[in-house]
Amino acid sequence: MTKPHASSVTTALQTLIAQQIARAGGWLPFDRYMALALYAPGLGYYANASRKFGAMPSSGSDFVTAPEMTPLFGQALAVQVADALQATGTDEIWEFGAGSGALASQLLRSLQSNVRRYTIVEVSASLRERQQAALAAFGDRVQWADALPEQMRGVLVGNEVLDAMPVKLLQRLGGAWHERGVAANGEALVFADQPTGLRPPVDVAGDHDYLTEIHPQAEAFIRTLADRLQQGAAFFLDYGFPEAEYYHSQRHMGTVMCHRGHLVDPDPLEAPGEKDITAHVNFTGLALAAQEAGLATLGYTSQGRFLINCGIVARMEQAPLTERTAAQRLLAEHEMGELFKVIAFHKGTCWDAIGFRQGDRTGRL
């Protein structure tokens, strides 16, 4: 589905990208291209006015996340957040990339007076406006920031935010590693590879051609949190794998993919600004970055197991059929229950966190 004004956004963004390619000498690394395609002011996918979130393509949306599927998601997550607020002695929540504002609303309604302040860190001006409208009923308890403060206390939450952080692409061709970037061929954008000293964090068995990603921006983000979080915990829910699975020799096509009109789109270079671009998360890399920066891992498990630990099944039993059906998608192994994972970090005294009491996979990272 072509959205209103999409072609003009794409044309302007392609012009900007072409200018950046020319200034860089004819080649941009993929992570720089991905940052422009998603976040260029007013033009990038998350910076323009198009609708992103919705249950059906008829709404003009491109994908749906768990909070839009059912409020049972936020209600279950709130059980863990309440546990973390009490264990860390804090009363603030920080949410990164709050999307439609649905998760913030669910957490605030569930936690009520346990939360003194809810701060959304949002780089998109258009999404911030939508969130402000959606959360107006909560008054000044909800605040917005476009950058992290020097010091933070509280519980940090990010649902499907890490997968939208730009990644570097590495391509092994004929046994030699290259960094994949973007060049211009007339008016078209094309992939172009350059020799590189960069490597995946583990050796990839075999000598066959192999495409994959590394995640320096996501890992730098975690290190920044480790530096600035004085007391509290951070919970991230996203799709991905531990390192051994991420860099398996059979996963030779990489994980970068796009979403448009609720369909998977394999071409991130076509129509930039009109679609989401994502890559799966390497959870081992995040845990190592956190550990090296002084942020301990609290737990790691599948989304299905985490939500069950947080009591979603009992809530499903009391919910209408439509809610139960939607929640089942969050739990089922062949849907979101296994592909999506939850990883948590903490600063301060460790505790037996509810969401990881059964099925903790930290030892597999």
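Anything mentioned here points back to the structure above.
About the criteria used
- Residues numbered from 1 in each chain as written.
- Predicted model: local features only at pLDDT ≥ 70, side-chain atom pairs only at ≥ 80, totals over all residues.
- Heavy atoms only, no water.
- Helix = DSSP H or I, 4+ residues; strand = E, 2+ residues; numbered from the N terminus.
- Rg over C-alpha atoms; globule rule 2.2 N^0.38 Å.
- Contact = heavy atoms within 4.5 Å.
- Areas by Shrake-Rupley, 256 points an atom, 1.4 Å probe, with all protein chains shown as cover.
- Axes fitted to C-alpha atoms, helices over the stretch in contact; angles between N-to-C directions.
- Left-handed = near helix turned anticlockwise from the far one by under 90°.
- Nonpolar A, V, L, I, M, F, W, Y, C, P; charged D, E, K, R; others polar.
- Phe/Tyr/Trp six-rings, centres within 6.5 Å; stacked < 30°, edge-to-face > 60°.
- Buried < 20%, exposed > 50% of the residue type's maximum accessible area, 1.4 Å probe, protein only.
- Lys NZ or Arg CZ within 6 Å of the ring centre and 35° of its normal.
- Pairing = 2+ DSSP bridges.
- Core = buried A, V, L, I, M, F, W, Y, C linked by side-chain atoms within 4.5 Å.
- Expected span 1.5 Å × (residues − 1).

(A) The overall build of the protein, seen in detail. Each helix and strand counted, the protein has 12 helices and 16 strands in total. In terms of overall dimensions, the protein is globule-like: its C-alpha atoms have a radius of gyration of 20 Å, near the 21 Å expected for 365 residues. Based on the C-alpha atoms only, the size of the protein along its principal axes is roughly 60 × 45 × 45 Å. Across the protein, every contact between residues at least 6 apart in sequence was considered, and the portion connecting residues at least 24 apart equals 76%. Per element, the accessible surface of the protein, about 15,400 Å² overall, is 51% carbon and sulfur.

(B) Region of the structure containing unusual backbone geometry. With phi around 50 degrees, glutamine 112 is a residue other than glycine that occupies positive phi space. Considering the arrangement of structural elements, one finds glutamine 112 in the loop between helix H5 (102-111) and strand E3 (117-121).

(C) Quick peek at the side chain of glutamate 92. By the element assignment, glutamate 92 lies in strand E2 (residues 92-96). Residues contacting glutamate 92, with those up to four places away along its chain left out, are Leu85, Arg116, Arg117, Arg153, Gly154 and Val155.

(D) Highlighting the packing of helix H7 (residues 216-228) against helix H9 (residues 283-292). In the contact formed by H7 and H9, the axes pass within 8 Å of each other and the chain directions differ by 35 degrees. Judged by the sense of rotation from one axis to the other, the crossing of H7 with H9 is right-handed. Residues Ala218, Glu219, Ile222 and Arg223 of H7 touch H9, and the partners they reach there are Gly285, Leu286, Ala289 and Ala290. Grouping the constituent residues of the contact of H7 with H9 by class yields five nonpolar, one polar and two charged.

(E) Main features of the packing of aromatic side chains. Tallied over the entire structure, the rule returns 12 aromatic pairs. Ring geometry for phenylalanine 30 versus tyrosine 33: centroids 5.9 Å apart, planes at 40 degrees, classification tilted. Linking phenylalanine 30 with tyrosine 33, this pair stays in helix H2 (residues 30-39), spanning three residues, or about one helical turn. Ring geometry for phenylalanine 306 against phenylalanine 356: centres 5.5 Å apart, planes inclined by 55 degrees, an arrangement best described as tilted. Of this pair, phenylalanine 306 sits in helix H10 (residues 303-309) while phenylalanine 356 sits in the segment after strand E16 (340-347), placing them 50 residues apart in sequence. The two residues phenylalanine 306 and phenylalanine 356 agree in class, both being buried. Cluster of aromatic residues (ring-pair linked, three or more members): Phe30, Tyr33 and Phe191. Here the guanidinium or amino end of arginine 180 rests over the ring plane of phenylalanine 191, the centre of that ring lying 5.1 Å away. Over the face of the ring belonging to phenylalanine 241 we find arginine 251, whose NZ or CZ atom lies 4.0 Å from the ring centre.

(F) Expanded view of the pairing of strand E15 (residues 296-302). Of all the seven residues making up E15, five are buried; the element is thus mostly covered by neighbouring parts of the structure. Note that E15 and E16 share six bridges and pair antiparallel. The partner of glycine 299 across the bridge, within E16, is alanine 344.

(G) The arrangement of the nonpolar core in detail. Of all hydrophobic cores here, the largest spans 48 residues; its most connected members are Leu77, Val81 and Tyr118. Considering each element in turn, this core owes the most residues, eight residues, to helix H4 (residues 71-88). For leucine 77, the contacting residues outside a window of four places in its chain are Leu103, Leu107, Val157, Leu237 and Phe306. Ranked by size, the runner-up nonpolar core spans 26 residues in total, among them Phe221, Leu225, Ala290 and Ile343.

(H) H7, seen in detail. Under the 1.5 Å per step criterion, the end-to-end length of H7 is 18 Å for 13 residues, consistent within 8% with the ideal 18 Å. Those residues of H7 that are buried lie in contact with E2, strand E5 (152-159), strand E10 (229-241), H9 and E16.

(I) Region of the structure containing the environment of leucine 229. Summarising the element assignment, leucine 229 is placed in strand E10. Leucine 229 sits 66 residues away from leucine 295 along the chain, and the two C-alpha atoms are 8.7 Å apart. Contacts of leucine 229, omitting those with residues within four sequence positions, involve Met152, Arg153, Gly154, Leu156, Leu295 and Lys347.

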